[in-house]
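Chain by chain, the residues:
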Amino acid sequence: MPVTKCRHIFFLTLLTFTLTTALPPIIKIGAIFTQEEKDSSTELAFKYAVYRINRDKTLLPKTTLVYDIQYVPKDDSFHASKKACQQVQDGVQAVFGPSDPLLGAHIHSICDALDIPHLESRLDLDSEYKEFSINLHPAQTLLNNAFYDVIDFLNWTRVAIIYEEDYGLIKLRELVRSPGQREVEIHIRQADPDSYRSVLKEVKTKEIHNLIVDTRPENMHHFLRGILQLQMNDYKYHYLFTSFDIETFDLEDFKYNFVNMTAFRMVDAEDVNVRQVLEDMQRFQPTGHSPLNKTSVIQAGPALMYDSVLVFAVGLQTLEQSHSLVPANVSCDAEMPWDGGLSLINYINSVELKGLSGPIEFKEGRRIQFKLDLLKLKQHSLVKVGEWSPATGVNISDRAAFFDSGSMNVTLVVITILETPYVMIKEEENTTSQKYEGFCIDLLREIANMVGFEYQIQLVPDGKYGVFDHETGEWNGIVRQLMDKKADLAVGSMTINYARESVIDFTKPFMNLGISILFKVPTSAPTRLFSFMNPLAVEIWLYVLAAYVLVSITMFIVARFSPYEWHNPHPCELENDLVENQFSLANSFWFTIGTLMQQGSDLNPKATSTRIVGGIWWFFTLIIISSYTANLAAFLTVERMITPIENAEDLAGQTDISYGTLDSGSTMTFFRDSMIETYKKMWRFMENKKPSVFVPTYEEGIRRVLEGNYAFLMESTMLDYIVQRDCNLTQIGGLLDSKGYGIATPMGSPWRDKISLAILELQEKGEIQMLYDKWWKNPGDTCTRNEKGKESKANALGVDNIGGVFVVLLCGLAIAVIVAIFEFCYNSKKITKLERRVASAPHQSLCAEMLEELCFALRCRGSRQRPALKRQCSKCLPGTTYVPATFDLPPPVNNGLRSQDEKCFREAAWQFP
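Residues numbered from 1 in each chain as written. Predicted model: local features only at pLDDT ≥ 70, side-chain atom pairs only at ≥ 80, totals over all residues. Heavy atoms only, no water.

S.K.: Account for the overall build of the protein chain, naming residues and giving values.
M.R.: When helices and strands are counted, the protein chain shows 28 helices and 33 strands. The proportion of buried residues among the 913 residues of the protein chain is 45%. Excluding contacts between residues fewer than 6 apart, the proportion of contacts in the protein chain whose partners are at least 24 apart in sequence is 70%. Accessible surface computed for the protein chain: about 48,400 Å², of which carbon and sulfur atoms make up 55%. (Helix = DSSP H or I, 4+ residues; strand = E, 2+ residues; numbered from the N terminus. Buried < 20%, exposed > 50% of the residue type's maximum accessible area, 1.4 Å probe, protein only. Contact = heavy atoms within 4.5 Å. Areas by Shrake-Rupley, 256 points an atom, 1.4 Å probe, with all protein chains shown as cover.)

S.K.: Run through the pattern of salt bridges, naming residues and quoting values.
M.R.: This model, assessed by the stated rule, comprises 33 salt bridges. Salt bridges sharing partners connect three or more residues here, namely E247, R265, D268, K371, D373, K384 and E387. (Salt bridge = Lys/Arg side-chain N within 4 Å of Asp/Glu carboxyl O.)

S.K.: Residues and numbers for the state of the cysteines, please.
M.R.: Evaluated as defined, the whole model comprises 1 disulfide. Not part of a disulfide, C111 finds its nearest cysteine sulfur in C332, a span of 8.8 Å. Of the residues examined, C111 reaches a relative accessible area of 1% and is grouped as buried. (Disulfide = S-S within 2.5 Å.)

S.K.: Just give me the short version of the pairing of strand β2 (residues 64-72), but keep the residues and values in it.
M.R.: As paired strands, strand β1 (residues 26-34) and β2 are joined by 9 bridges and run parallel to one another. Paired with I26 across the strands is T64, a residue of β2. With helix α2 (residues 41-55) bridging β1 and its parallel neighbour β2, the resulting β-α-β unit is right-handed. (Pairing = 2+ DSSP bridges. Right-handed = clockwise from strand over helix to strand, strands pointing away.)

S.K.: Tell me what's going on with the sheet that holds strand β11 (residues 352-355), and back it up with residues and numbers.
M.R.: The strand order across the open sheet formed by 3 strands is β11-β12-β13, and the pairing between neighbours is antiparallel. Only two strands of the sheet have a single neighbouring strand rather than two, namely β11 and β13 (366-369). For this sheet the average axis-to-axis angle between neighbouring strands, irrespective of direction, equals 45°. (Axes fitted to C-alpha atoms, helices over the stretch in contact; angles between N-to-C directions.)

S.K.: Explain the layout of surface pockets to me, and be specific about the residues and the numbers.
M.R.: Of the volumes computed, that of the largest pocket is approximately 1,600 Å³. As for the largest pocket, its lining consists of 44 residues, of which T215, R216, P217, E218 and D245 are closest to the centre. Looking at the lining of the largest pocket, the elements with two or more residues in it are α2, α5 (140-154), α9 (220-229) and α11 (300-320). Broken down by element, the lining of the largest pocket gets its largest block of residues, 5 residues, from α9. For the lining of the largest pocket, the per-class residue count stands at 15 nonpolar, 15 polar and 14 charged. (1 Å grid on protein atoms, 1.4 Å probe; cavity = no way out; pocket = protein on both sides within 12 Å on 5 of 7 lines; lining within 4 Å. Points joined across faces, edges and corners; volume = space filled by probe spheres on them. Nonpolar A, V, L, I, M, F, W, Y, C, P; charged D, E, K, R; others polar.)

S.K.: Which residues make up a nonpolar patch on the surface, and what are the values?
M.R.: Taken together, the side chains of L545, V549, I553, I557 and L585 present a nonpolar region at the surface, about 410 Å² in accessible area. When residues in the nonpolar patch are grouped by element, the largest group, 4 residues, is from helix α16 (residues 538-561). Within the secondary structure, L545 is located in helix α16. (Patch = residues over 30% accessible without salt bridge, like charges linked within 9 Å, V, L, I, M, F, W, Y side chains within 5 Å.)

S.K.: Report on helix α13 (residues 439-451), specifying residues and quantitative values.
M.R.: Residue pairs spaced three or four apart in an α-helix point in one direction, given the helix's 3.6 residues per turn. For α13, spanning 13 residues, the distance from its first C-alpha to its last is 18 Å, which sits close to the expected 18 Å at 1.5 Å a residue. Buried within α13 are the following residues: F439, C440, I441, D442, L443, L444, I447, A448 and V451. Positive phi appears at G452, one or two residues downstream of α13, with a value of about 100°. (Expected span 1.5 Å × (residues − 1).)

S.K.: If you had to explain the packing of aromatic side chains to someone new, which residues and values would you point to?
M.R.: Each aromatic ring pair is specified by the distance between its two centres and by the angle formed by the two planes. Summed over the entire model, instances satisfying the criterion amount to 31 aromatic pairs. On the numbers, 6.4 Å between centres and 20° between planes, the contact of Y239 with F241 is stacked. The class of F241 is buried, set by a relative accessible area of 1%. Ring centres of Y772 and W776 lie 4.4 Å apart, and the angle between their planes is 15°; this geometry places the pair in the stacked category. Remark: W776 and Y772 occur in helix α25 (residues 767-776); sequence separation between them is 4 residues, near one turn of the helix. Of the two residues, Y772 and W776, both sit in the buried class. (Phe/Tyr/Trp six-rings, centres within 6.5 Å; stacked < 30°, edge-to-face > 60°.)

S.K.: Which residues make up the pairing of strand β26 (residues 515-520), and what are the values?
M.R.: The element β26 is extensively covered by neighbouring structure, given that 5 of its 6 residues are classed as buried. Examined bridge by bridge, β26 and strand β30 (residues 710-715) share 4 bridges and lie antiparallel to one another. For S516, the partnering residue across the bridge sits in β30 and is M714. Examined bridge by bridge, β26 and strand β31 (residues 729-732) share 4 bridges and lie antiparallel to one another.

S.K.: So, empty space enclosed by the protein: which residues are in play, and what are the values?
M.R.: Using a probe with the size of a water molecule, rolled over the atoms, empty space left in the structure can be pinpointed. By the definition in use, this model includes 9 cavities of 30 Å³ or more. Of the pockets and cavities examined, the largest cavity occupies roughly 60 Å³. In terms of lining residues, the largest cavity is bounded by Y465, S493, T495, R500, L662, G665, S666, T667, Y698 and E715. Here the lining of the largest cavity is built from residues that sort into 3 nonpolar, 5 polar and 2 charged.

S.K.: Describe the packing of α11 against helix α12 (residues 341-349), listing the residues and the values that go with them.
M.R.: Relative placement of two packed helices is described by the angle separating their axes and the distance separating the axes. One can describe the packing of α11 onto α12 by two numbers: an axis separation of 8 Å at closest approach and a directional angle of 115°. Taken together, the axis directions place α11 and α12 in an arrangement best described as roughly perpendicular. Seen along the crossing, α11 lies across α12 with a hand that is right-handed. In this structure, α11 contributes V311, F312, G315, L316, T318 and L319 to the contact, and α12 contributes S343, L344, Y347 and I348. Partitioned by chemical class, the residues of the contact of α11 with α12 number 7 nonpolar, 3 polar and no charged. (Parallel < 35°, antiparallel > 145°, perpendicular 65-115°, else oblique. Left-handed = near helix turned anticlockwise from the far one by under 90°.)

S.K.: Which residues make up the nonpolar core, and what values go with them?
M.R.: Nonpolar side chains in soluble globular proteins tend to be buried together. By size, the foremost hydrophobic cluster in this structure holds 93 residues, and its most contacted members are F46, F96, F264, F312, L316 and L372. Not counting residues up to four positions away in its chain, the partners in contact with L372 are L143, A146, F244, F264, R265, M266, G386, E387 and W388. Counting residues in each nonpolar core, the second largest holds 84 residues, with L412, Y422, F685 and I732 among its members. (Core = buried A, V, L, I, M, F, W, Y, C linked by side-chain atoms within 4.5 Å.)

S.K.: So what's going on with the side chain of D271? Residues and values would help.
M.R.: Residue position: D271 is located in the loop between β10 (260-265) and α10 (272-283). Only 3.2 Å separates the side chain of D271 from the backbone nitrogen of V274, close enough to count as a polar contact. Within the structure, D271 has its side chain in polar contact with the side chain of K354 (distance 3.4 Å). (Polar contact = N/O pair within 3.5 Å; in protein donor to acceptor, adjacent residues only side chain to side chain.)

S.K.: Break down the sheet that holds β1 for me, citing the residues and quoting the values.
M.R.: Remark on secondary structure: sheet strands pair via backbone hydrogen bonds, oriented parallel or antiparallel. With parallel pairing, 5 strands are arranged side by side in an open sheet as β2-β1-β3-β4-β5. The sheet terminates laterally at β2 and β5 (133-135), the two strands that pair on one side only. In this structure, strand β4 (residues 118-120) lies alongside β5, joined through 3 bridges in parallel fashion. Bridge pairing in β5 links H118 to S133.

S.K.: Tell me about the confidence of the model for the protein chain, residues and numbers included.
M.R.: When pLDDT is averaged across the protein chain, the result is 79; 80% of the residues are at 70 or more. Below pLDDT 50 for its whole length, residues 788-792 participates in 5 contacts with residues either more than four positions away or in separate chains. Across residues 868-913, confidence stays below pLDDT 50; counting only partners more than four residues off in sequence or on other chains, it has 57 contacts. (pLDDT = per-residue confidence, 0-100.)

S.K.: Please set out α25 residue by residue, giving values where relevant.
M.R.: Considered for burial, the residues of α25 that qualify are I768, L771, Y772, W775 and W776. Considered in projection along α25, the buried side chains sweep an arc of 110° and stay on one side of the axis. (Arc of directions from axis to C-beta.)

S.K.: Got a sec to walk through the environment of F147? Specific residues and values, please.
M.R.: Topologically, F147 is positioned in helix α5. Judged by its relative accessible area of 2%, F147 is buried. For the pair formed by F147 and I212, sequence separation is 65 residues and the distance between their alpha carbons is 9.0 Å. Look past the residues within four positions of F147 in its chain and what remains in contact with it is Q140, L172, L175, L240, F241, T242 and F264.

Quick look at the structure:
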């Protein structure tokens, strides 16, 4: 067949070439990685190893390595076997990987059947001898010996083993059996990221302080977070990690807590040769990735992969000196082993060299020679404290690193500042000594008991928290003391901000707050007699008055213009040419005001035009009266306060009220460094105001506020404390910013993280809130504030609120009486003139006639009827008509007209006989 013929010619050519050289010019190797390892650091290390060997002409000068990489799904042995058979058929002379235990076993069975070397860098728990397998990873039996030597050195008697993988217990079975003369109590728990916290909590409950941790590297950050959450990160606990990659973990939160963390590493990055290889590997990035992590430390997996390729190359070099290598011509179908495979695997098995993972030596495919560096976490970084090798065992070079008692029996200098209610001086009875009390003192006591230290409290000499002086370039106050290492902690109302954080350290905030405005309680608005007019503005009242006049005049004009508003006053006289209109100017105003007052009148529009005017006016009055009624309750029942300022913008927009802050405090720094225009304007005012608006203490600021015409910008927690105890003070507006109080430490202090964890635990338990209630809301110290301004409780209306209504009523009555007198006088004068024309008769004086009429009106049991007075009407017959006492007036005509007699009767002048 053509394919067989071509292959025969190819091997004849290679056979001819082998007459002059022992190795073929091209040697093909295969690598199998899981899909998760694609472009990983392990694959990049494999590629770099091939690249470095091909570049090094002293190792294989006439031979070039060519790799074939295949990717398979994890736990998919079928596809892995197919990929391996494909590589074998393509002529690979060695197979590398994979790292998965299940896939590795299947690949090895194929390589073992075809006599092809299989180089691995994974942990293999199978102790059986494998002829064609070379494993760079140290055997678990030797690693267990290393762990046990460390346990024996540390004299552990109670140990908790936490493992994640199902085969974790098999890995550490030698430790469970507890070899040796000393008995060790071992507690074993399997955990995953979802159960780390519960397992750690169980270990903490059992007071087991020594732990061996065997977790997946990608889940290590979950485990470390669980340690922090349960506060198992102090000097009492010791963690021994089975991972070789502890240098790649983020241990920043554990560096200064005196927590004991120990682990082995295989790659000594401090070695000169290793450093050179790593630097060259860093520059080799064919796909944009790096085999190294962010800390320029290579993990154990990529390092072992690099060493496995190097071991294969050295084995080829050794074979070249005495044997020739015929390329493999095998396949999985033929099941014919490779003739040169046995020689090659024997030479690889005899290789001895020093790679990235240290000294390498094999026995029956198992690595028997290696060196492990013992690392211990100290305050600044992981440091090497010893070594372990199969031949010599553990060798501790820094014994003091394991028995550092620096966190025990420590007395810390705590600096503070007197500030109510945070830190106050307490006079003890019958003694002259002074002690401190307050919120921060109680908090410090709780933290000291949890973390484990004694403390000595000192006051800051200059009495300031600390601010940076741009002129001198120096800090003052508490910040200066911490920078000079004159104190270990600073406790008080110490605000965390960027400037301070750049020179000192802060714990997690134990209290959140912001800047607010303290001001004197504003006086109540004086109650006006006519406060019932407040629901509508003055201009609205004027508009309503103008609308009233406009509608009245419009009604008068439209009614006179429309022919349907004119009617015959005497319907019985059909030939009467006179018509009259009910909407005179006075009636038009009466109709409008009656509608506005929701009372109506006896005037009813008849024409469509006048009805439209009336309807629109009724709609207008409906809205006005409803709005007035709805707003009247709020204006009469809620007490209004005269507040000259409502927020910071109002404060910045005026100059009558001065405002300032605490001198050399974080509030002052906030306004000085703020980029918000409103706050910049406020800072310019405060900076240039004379006399100075800055106060040395909070007490001075409160005093100036109580004097009036001054607003004090201060932190909300202190403001809340003051307002709770002085009902003459109040908070104006909301918070101008958001920040927190924290405990300050010198830069790099080992106590910061411990205290932070203690604060978090106190917050979760609610103890900090209880301390806050104790010092802020103590019923014996707080004042009783009269909450008149709350709309939920309406006040009873007094004379001051609605007294104006009575004034209007009295004024209306007085005007009515005056108008009645005027009408009586006018009518009397008119009747007198009429009587003089008819006949001469004796006349009464005006006063006598008024007195007689008033007496008749004031009769309590007077009849509703009275003798009719003499009438004088141009439409009636002259003479005097007397109406009997039992005479009933006829009812008005339904169509709105009046009879002639009724009309005359209405126009008649009343006269006594």
